[in-house]
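Examination of the molecular architecture
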Amino acid sequence: ILNVEQSPQSLHVQEGDSTNFTCSFPSSNFYALHWYRWETAKSPEALFVMTLNGDEKKKGRISATLNTKEGYSYLYIKGSQPEDSATYLCAFSSNDYKLSFGAGTTVTVRA
Amino acid sequence: KAGVTQTPRYLIKTRGQQVTLSCSPISGHRSVSWYQQTPGQGLQFLFEYFSETQRNKGNFPGRFSGRQFSNSRSEMNVSTLELGDSALYLCASRRGNTEAFFGQGTRLTVV
């Protein structure tokens, strides 16, 4: 069983503040690490797919880093806005194409 | 380009019945994965199909089965429904080992 762990489970952020949360994953059989945003009443949508150790990706105010040697990834939100409220899922993609998800971090941005 | 389509969107079944859910992937995507999401849980991996063959399987009982057709459309079947099978079932399609595109999901309620 692949253990993809995310912490914290939830967090509340004041509008304008920055925040970050983590995803840990097995370091063996690694192919890629994905981040998805899942807004209420919508489907999960991909934010980033990272494959190389040290990868950093950015989309607007959201960025992510990857450390495959120690098996963790961080997602950062800079200057949080109410529209950033969502559940953020990370997923471990192995060489056999299996995509395994963590339980997610639910972010609530208070105006 | 049409997205991933799941039918039906909502379903109410009685304990002991069986149910079949359908997923039409994005054109050109040959991989279809199924996930179960229950309150407080992340996306639990059920199985993945590629070119009409089950390529990966999660840790669900044999009551959960699936298949994929030559046009890459996939169906998931649950037999002898239990109350605990009430969940949101999501399917996702992929091209290769890349990002997953999700459908809107089927909300199954077992009474």
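Shown above is the structure to which this text applies.
Residues numbered from 1 in each chain as written. Chains lettered and ligands numbered in written order. Predicted model: local features only at pLDDT ≥ 70, side-chain atom pairs only at ≥ 80, totals over all residues. Heavy atoms only, no water.

Residues and elements named next belong to chain A. One open sheet accounts for 5 strands, arranged β1-β3-β8-β7-β6; its pairing is antiparallel. Because the sheet does not close on itself, it has two edges, and the strands there are β1 (5–7) and β6 (56–59). The sheet shows a mean angle of 15° between the axes of neighbouring strands, taken without regard to direction. In terms of strand pairing, strand β3 (residues 19–24) meets strand β8 (residues 72–77) through 6 bridges, oriented antiparallel. Across the sheet, the residue bridging to S24 is Y72, located in β8. (Pairing = 2+ DSSP bridges. Helix = DSSP H or I, 4+ residues; strand = E, 2+ residues; numbered from the N terminus. Axes fitted to C-alpha atoms, helices over the stretch in contact; angles between N-to-C directions.)

A few words now on the state of the cysteines. Residues and elements named next belong to chain A. Here the structure, examined in full by the defined rule, presents 2 disulfides over all chains. Here C23 engages in a disulfide with C90; their sulfurs sit 1.9 Å apart. Negative torsions about the S-S bond denote left-handed disulfides, and the value of about 75° found for C23 with C90 makes this one right-handed. Here C90 lies in strand β9 (residues 86–94) and C23 lies in strand β3, a separation of 67 residues in the sequence. (Disulfide = S-S within 2.5 Å.)

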